[in-house]
Amino acid sequence: MTEPAAKKQGIKKCRSATFSIDGFSFTIVANEVGQKHRHPLARLARTPTENLCFTSNSLGSSVTPSLPIGDKRSIPKDPRSATEILADELPKVDSSDAMEKTATRLRCLVKQLERGEASVGVLKKNLEFAASVLESICTEEARRMVDLDDELSDIQSDSVPLEVRDWLASTFTRQRVLGLRHNEDKLHFRSIVHAVQAGIFVERMYRRTSNSVGLSYPQNVITVLKHVDMWSFDVFALNDASRDHALKFVFYELLTRYDLINHFKVPVASLLSFVESLEVGYSKHNNPYHNLMHAADVTQTVHYLLLKTGMVHWLTELEIFAVIFAAAIHDYEHTGTTNNFHIQTRSETAMLYNDRAVLENHHISAAYRLMQSEGDHNIFANLPKDDWRELRTLVVEMVLATDMSCHFQQIKTMKGLLQQPEAIDKPKALSLLLHTADISHPAKRWDLHHRWTMSLLEEFFRQGDKEAELGLSFSPLCDRKSTMVAQSQIGFIDFIVEPTFTVLSEMIESIVSPLMGISSHTGLDGFRRSSVNSITGNEVKHSNLRTFGSEGNCALTTVDFKSFRGTWHQEIQQNRETWKTQAAKDKADDEMKKSQRESTADLGKTDGVSEPKEAGRQEEMVRRQPGPDLTKDNSPGPSGPSSGAEGETESHPNESQPEGAFTYCYKRPSYCTSYYRFVRSKVSDMRPIDPRGKARRLQRLCLRRRK
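The residue count restarts for each chain, going from 1 along the sequence in the order it is written. It should be noted that, the model being predicted, local features are given only for residues of pLDDT at least 70 and side-chain atom pairs only at 80 or more, the latter also being counted only at that level, while totals for whole chains, interfaces and linings use all residues. Side-chain calculation: all heavy atoms of the structure are included, whereas hydrogens and water are not.

### Observations regarding the overall build of the protein
- Within the protein one finds 28 helices and four strands.
- In what follows, a contact means two residues having at least one pair of non-hydrogen atoms within 4.5 Å. Residue pairs at least 24 apart in sequence account for 77% of intrachain contacts in the protein once pairs closer than 6 positions are excluded.
- For the protein, the exposed area adds up to about 38,800 Å²; of that, 52% sits on carbon and sulfur atoms. Counting from the N terminus, the helices are the DSSP runs of H or I reaching at least four residues and the strands are the DSSP runs of E reaching at least two. Exposure was quantified through the Shrake-Rupley algorithm and a 1.4 Å probe, taking into account, for residues, occlusion by the shown protein chains and nothing else.

This is how it looks when you write it as structure tokens:
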């Protein structure tokens, strides 16, 4: 098109054009002829929000992944001219090729702008369509991020038993569409350098100070607690050694090791009173699984994850106090039943918390009410108001995140955060840490894992017994007679435990790696010594605390992510293989029992039970007491009218008796076809049956019927 013709049609030649659509400004810049950069916008830096919009396409499965601008592989070449392409009708916004066609049309518009042939109307029309496509993509992505209806779509029905799939779906996904939570103010943390400086306690960490009213440790408890820094810590041995006070010793030991009692001026008398009352609440319902040993195990696992991964250097004293406290109370006064059971039975707890995280809300509320109701139980009495509020906010979010129905959403959220350049939110990181510790027993040593599994199943079975009494249908894995133990644990490991530990490892590595880099450059290794290295002999003499501690240290320079991954991965693999072996054995046993039942049924059919119905009915009529018209047969026969009855009851002395043992049988109830009157055989009549005589009698009966 020539320049005069362009002016006649109202087309203005320009290098750029800016339009405002729905509050968004769009600018298209055309290159001069001969410039190297064909796409100058590719050189412009994007803001984090723009990066989120441009990279969100790669998260969805139904959207073509975005490629860099100028990558000609992203859009197939169209041999038609730009005018012909722009003349096509616009596709639907939600169609699969909408993005591809939109990109092609925009490139054609850029070419027309370079030649001065672009029409303002066409340009505005295509930009409005491009804005609609982008809006549709963002809406779809936002909907996908919060969609919980198909969390287990990747589990094939033929690979996972139906019962196990139902249990996974009912336990680890939400059963109701809940409204989105309002965005709460996130806790802002300092820069990495400030976090390192504030989080490094050096010698203050794990330091024991003299305390005349501290907890006294029995010698056998000291022996067990020497292994508190180990992954597969035996909390059952500690509970036996402490006489059912495992939680008290673990909680007090960790608060002392992290020097939190002195830092926050926690009254020791209040601490001991509180933790003893906490143990009473855990024992309230006599649960096989959700008891004080489970709370102690989760608290110790949280300690291991903080210590051995270097996460402790990322946190402040208050945040460490919050996560240990949350682990200790996370199942306080657990009823031994699931949230769904409370909802189905319309319990007072479900009514109080409106069917949302019923037990988790109760754990938090009951623990805080315990501190406030008793004057000598308030371990936060000396906390400043701001610290008290911050700690409570962290505890509430962490304990609520232990609701198993939030599992998949929690994992999905953390995966999304790991893909963003922004730092990870601390409350979400600590929530995943506590949730992982709560379901960590399949990653522990087999003897510990098996014992926890049997305890949990017994708790499920008790709930199933209650459901049977109330006339409710069995919840998954709650039926004592049909639960597949091995298959359920294999599914639990494959779809819940192992993916959770994988995401946790990635999160820890992304958090701690920058701290390790800064530590190596600044010379601050974040060394946190254990109590055995930081307490002097003079302090020991004046203290009731014993000098037992962890072996080694928790310096950033000693953190080994590969070793941490290998620890839990090896245990998971071994436990999975053990369960698979057990599942194969159970399957073989079931098949054997089934074959035995079938063979027993076949034998029952051949030992006189499956004889002809009519002959059995006639014989039954002959053996009962005489009555009117019931035993007489008026049909003529070789022995007269009553020869049938007499022939059945005489002993036939001339017939030879068979050798060997006689066969005894009980006569089943039968019906008399003549009068439709119930005739019951005498069970007490256990006369021996002569097989030959019986065959002759049946033969005579058949001959008489033919006549």
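Let us keep going from here.
### Quick look at helix α19 (residues 407–418)
- Each helix should span, by expectation, one fewer than its residue count multiplied by 1.5 Å. The end-to-end C-alpha distance of α19, which contains 12 residues, comes to 17 Å, matching closely the 16 Å that a straight helix rising 1.5 Å per residue would cover.
- Of all the residues in α19, the buried ones are His407, Phe408, Gln409, Gln410, Ile411, Met414 and Gly416. Think of it in three bands: with a 1.4 Å probe and only protein chains considered, a residue is buried below 20% of the maximum accessible area for its type, exposed above 50%, and partly exposed in between.

### A closer look at the confidence of the model for the protein
- With 62% of its residues at a pLDDT of 70 or more, the protein has an overall mean of 74.
- You can read pLDDT as the predictor saying how much it trusts each residue, on a scale of 0 to 100. Segment residues 5–12: pLDDT under 50, and eight contacts once partners within four positions in sequence are set aside and those in other chains are kept.
- Below a pLDDT of 50 lies the segment residues 609–685, which in the model reaches 82 contacts outside its immediate sequence neighbourhood of four places, other chains included.

### Thoughts on the side chain of Lys426
- Along the chain, the position of Lys426 falls in helix α20 (residues 426–438).
- Polar contact criterion, stated in full: a pair of N or O atoms within 3.5 Å, where within protein one must be able to donate a hydrogen and the other to accept it, and residues adjacent in sequence count only if both atoms are side-chain atoms. At a separation of 3.0 Å, a polar atom in the side chain of Lys426 contacts the main-chain carbonyl oxygen of Trp314.
- Polar contacts involving the side chain of Lys426 include one to the side chain of Glu319, which spans 3.0 Å.

### Looking at the packing of aromatic side chains
- Each Phe, Tyr or Trp ring, with Trp reduced to its six-membered ring, pairs with another whose centre is within 6.5 Å; inter-plane angles below 30 degrees give stacked pairs, above 60 give edge-to-face pairs, and intermediate values give tilted ones. Tallying each qualifying case throughout the model produces 15 aromatic pairs.
- Geometrically, the ring pair formed by Phe274 and Phe325 is stacked, given 6.0 Å between the ring centres and 25° between the ring planes. Placement of the pair is Phe274 in helix α12 (residues 268–282) and Phe325 in helix α14 (residues 317–329), with a sequence separation of 51 residues.
- Both rings, one in Tyr289 and one in Trp452, keep their centres 5.5 Å apart while their planes meet at 80°; by these two values the pair is edge-to-face. Here Tyr289 is found in the loop between α12 and α13 (292–309), whereas its partner Trp452 is found in helix α21 (residues 446–470), with 163 residues between them in sequence.
- For Trp452, a relative accessible area of 3% gives the class buried.
- Members of the aromatic cluster, joined through ring pairs, are Phe264, Phe274, Phe321, Phe325, Tyr368, Phe380 and Trp388.
- Taking the ring centre of Tyr368 as reference, the NZ or CZ of Arg392 above it sits at 4.5 Å. Look at NZ for Lys and CZ for Arg. If either is within 6 Å of the ring centre and within 35 degrees of the ring normal, a charge sits over the ring.

### Here's the deal with the nonpolar core
- Membership of the largest hydrophobic core comes to 117 residues, with the highest contact counts inside it found for Phe325 and Met507.
- Looking at this core element by element, the count peaks at 14 residues for helix α22 (residues 485–522).
- Look past the residues within four positions of Phe325 in its chain and what remains in contact with it is Phe251, Phe274, Tyr368, Met371, Ile379, Phe380 and Val395.
- In this description, a nonpolar core means a group of buried Ala, Val, Leu, Ile, Met, Phe, Trp, Tyr and Cys residues linked to one another through side-chain atoms lying within 4.5 Å. Counting residues in hydrophobic clusters, the runner-up holds seven residues, among them Ala82, Ile85, Leu86 and Leu127.

### Considerations on α14
- Between the first and last C-alpha of α14 there are 19 Å, a value that for 13 residues agrees with the 18 Å anticipated at 1.5 Å per step.
- Most of α14 is tucked away: 13 of the 13 residues are buried.

### Digging into the pattern of salt bridges
- What makes a salt bridge here is a side-chain nitrogen of Lys or Arg within 4 Å of a carboxyl oxygen of Asp or Glu, nothing more. Counted under the stated rule, the structure contains 14 salt bridges.
- Residue Arg257 is joined to Asp229 by a salt bridge in which the shortest nitrogen-to-oxygen separation is 3.6 Å. Pair noted here: Arg257 is in helix α10 (residues 246–257) and Asp229 is in the loop between α8 (219–225) and α9 (235–241), with a separation of 28 residues, a long-range link. Here Arg257 and Asp229 have matching classes, each one buried.
- Among the charged side chains, a network of salt bridges with common partners joins Glu458, Arg462, Asp465 and Arg480.

### Re the side chain of Ser440
- Relative to the elements of secondary structure, Ser440 occurs in the loop between α20 and α21.
- Separated by 2.8 Å, the side chain of Ser440 and the backbone oxygen of Ala437 make a polar contact.
- For Ser440, the residues in contact, after removing those within four places along its chain, are Trp231, Thr301 and Phe501.

### Observations regarding the environment of Leu260
- With respect to the helices and strands, Leu260 occurs in helix α11 (residues 260–263).
- Judged by its relative accessible area of 1%, Leu260 falls in the buried class.
- Between the alpha carbons of Leu260 and Leu318 there is a distance of 8.4 Å; along the sequence they are 58 residues apart.
- Those residues in contact with Leu260 that sit more than four places away from it in its chain are Leu255, Lys265, Val266, Glu317, Ile320, Phe321 and Ile324.

### Topic: the packing of α20 against α22
- Lines fitted to C-alpha atoms define the axes here, with helix axes fitted over just the stretch in contact, and angles between the N-to-C directions of these axes take values from 0 to 180 degrees. Packing of α20 against α22 brings their axes to within 10 Å, and their N-to-C directions diverge by 140°. As far as their axial angle goes, α22 and α20 are oblique. At the point where α20 passes α22, the crossing takes the left-handed sense. In this structure, α20 contributes Ala429, Leu432, Leu433, His435 and Thr436 to the contact, and α22 contributes Thr500, Phe501, Val503, Leu504, Met507 and Ile511.
- Looking at the contact of α20 with α22, its residues break down into eight nonpolar, three polar and no charged. By definition in this entry, angles of less than 35 degrees are roughly parallel, angles greater than 145 are roughly antiparallel, angles of 65 to 115 are roughly perpendicular, and the rest are oblique. Should the near helix be turned anticlockwise from the far one by less than a right angle, the crossing is termed left-handed; should it be turned clockwise, right-handed. Nonpolar residues are Ala, Val, Leu, Ile, Met, Phe, Trp, Tyr, Cys and Pro. Charged residues are Asp, Glu, Lys and Arg, and all others, Gly as well, are polar.

### Looking at the packing of α10 against α13
- At a minimum axis distance of 8 Å, the contact between α10 and α13 shows a crossing angle of 25°. Judged on the interaxial angle alone, α13 and α10 are roughly parallel. Where α10 crosses over α13, the two elements pack in a sense that is left-handed. Between α10, through Ala246, Leu247, Val250 and Leu254, and α13, the contact on the second element is made entirely by Leu292, Ala295, Ala296, Thr299, Gln300 and His303.
- The residue makeup of the contact of α10 with α13, split by class, is seven nonpolar, three polar and no charged.

### With respect to the environment of Thr338
- Along the polypeptide, Thr338 turns up in the loop between α14 and α15 (339–345).
- Overall, Thr338 belongs to the partly exposed group, its relative accessible area being 29%.
- Separated by 66 residues in sequence, Thr338 and Met404 have C-alpha atoms that sit 10.0 Å apart.
- In this structure Thr338 touches Leu359 and Gln463, once residues within four positions along its chain are discounted.

### Re unusual backbone geometry
- Of note, Arg346 is a non-glycine position whose phi angle comes to about 55°, a positive value.
- Assignment of secondary structure puts Arg346 in the loop between α15 and α16 (348–352).
- At Asp355, a residue that is not glycine, the phi angle is positive and equals roughly 65°.

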